[in-house]
Each structure stands twice: as C-alpha cells, then as structure tokens.
Amino acid sequence: MKLSQRFFATAAGLSLAVGGFTTLGVAAPAGAAEAPAAPSYAQYNGSSAEKKANDAFFAAVMDAVAEKRKKNPGAESVTVTYDASGAPTFAAQIAKSTQIWNSSVANVQLQEGSGGDFEYREGNDPRGSYASTDGHGKGYIFLDYAQNEEYDSTRVTAHETGHVLGLPDTYDGPCSQLMSGGGPGTSCTNAQPDAQESAKVEQLWANGFDKALHKANAR
C-alpha cells in the first residue's frame, strides 16, 4: 500500500486525487528522456497541493451530508454512505475498514448503500491507491491491484477511507499511525487509527455536523 499521495488537477476538470499510494519503477520507452525518480514512500511528506485536494474531498462529502441534515436535522450523528459495487475484489477489506472506523469513532458512521456519498473503485493505476473528487460533490476511493499486493490491503483501504473522514497523511509517523501510510514500509500491517487520529475525526465531525446543518438551513 503505497501511501505516497499524488494529487492531480486534470485539464479535463477539477479532478483532485488525494491520499494515493503511488507505484514506483515504471519503465520509460527506449530512447525517451529519463524521468525524475519518484520519491520513496518513507521520504514522501506531502505538499500544499495534496492538502488542498484532501480538503476538497472532505468538503464534497460534507455537501452530501448537508442534504441529509435537511431531511433529518435532529440526528445525533452523521451517516456517510458508500457504494462498494465498483470494487468487488476488495469487498472484505472495505467491510473490515468500515468496521474499524465505525468502532473507532461515534460522530460519523459509514454505511454501505447504492448511490452513496462516495464509492470504491478498483483497477490498475501507476499512482497507486488514492481518494479523489471531481469537484461536483461526489468522490471515490480507487484501490490499485499491484499496491494492494505489496502492502497490507486492509491498511490501504482504511487509510484511504481516513481521507474521506478528513484526515491528512503523516508519512513520517510510526506504523501505529494509520495515516502514516507507506512510510513505515511494507512490513507494517496496522489498519487501526490511533487515539489521536480517532479524536481528530470526532472533532471534525462534531464541527462538520454543525457546518452541514448550517448549509442545509441556508438552502
């Protein structure tokens, strides 16, 4: 699970990729200029562009939550729904990641359902796994096949889901930090957020709950 996050704003639109575990060592065609070496996962410490993309993804999820607040303003916690039908290979990891987060925090809960606030997808991508938003209030988590073979797949999935809940990367952190991603190396299999990460999500969604209600009432 290469948590080196690559965020791209594409020319086709506002496609912002966040939280990616990028793959290294893609060979260049014969005679082509040699591309700069990609940073190792342990050395990659993120950038302001990545933080912006993380914030955009979190904001997109919050917009979806605001619609729910309109319909149920008295709810005491936020339910964020997801569609896992686009990533059948990782059904077990997604279910485990959901269980991990739902048992770690109370202010926000994840629930599977079609047409969710975000979705999971799978495939091959040289960037590895990442969370992304198209800038139109919807987002998805992409799970890369090769990366999930090299790194612990449940950790990859739980890490990317952490971005949905508003957490940034902490690549220089220890294995005990879920958001340190690929920094600790392939031997790290911890898929649980630590106490500080859980507390941060609780804080974000306590505040986010109020923000969503404000958005809902303003519409």
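Position numbers for residues count from 1 along each chain, tracking the sequence in the order it is written. Totals for whole chains, interfaces and linings use all residues, but because this is a predicted model, local features are given only for residues with pLDDT of at least 70 and pairs of side-chain atoms are given and counted only at 80 or more. Think of the side-chain values as coming from all heavy atoms in the structure, minus any hydrogens and water.

## Points about the overall build of the protein chain
At step 1: The way it works is that DSSP assigns letters per residue, a run of H or I at least four long becomes a helix, a run of E at least two long becomes a strand, and they are numbered from the N terminus. On a plain count of helices and strands, the protein chain comes out with 5 helices and 6 strands.
At step 2: Its helices and strands taken in sequence order, the protein chain reads β-α-β-α-β-β-β-β-α-α-α from the N to the C terminus.
At step 3: The classification of residues rests on relative accessible area computed with a 1.4 Å probe and restricted to protein chains. Under 20% of the type maximum is buried, over 50% is exposed, and intermediate values are partly exposed. Put simply, the protein chain has 219 residues, and 48% of those count as buried.
At step 4: Areas reported as accessible are Shrake-Rupley estimates using a 1.4 Å probe. Residue values count occlusion only from the protein chains shown. With the model as given, the accessible surface of the protein chain reaches about 10200 Å², and the carbon-plus-sulfur share is 53%.

## Digging into the confidence of the model for the protein chain
Any segment with low pLDDT has predicted coordinates that should not be analysed in fine detail.
At step 1: For the protein chain, mean pLDDT is 74; residues scoring 70 or higher make up 65% of the total.
At step 2: Across residues 1-18, confidence stays below pLDDT 50; counting only partners more than four residues off in sequence or on other chains, it has 90 contacts.
At step 3: Scored below 50 in pLDDT, residues 22-46 shows 40 contacts in the model against residues more than four places distant or in partner chains. Per-residue confidence from the predictor is given as pLDDT, running between 0 and 100. Working rule for contacts: check all heavy atoms of both residues, and any pair within 4.5 Å makes them a contact.

## Points about the nonpolar core
At step 1: Residues Val80, Trp101, Phe118, Tyr120 and Trp205 are the most contacted members of the largest nonpolar core, which totals 32 residues.
At step 2: Per-element accounting of this core gives the leading share, 5 residues, to helix H1 (residues 48-71). Remark: nonpolar core denotes a set of buried residues (Ala, Val, Leu, Ile, Met, Phe, Trp, Tyr, Cys) joined through side-chain atoms within 4.5 Å.

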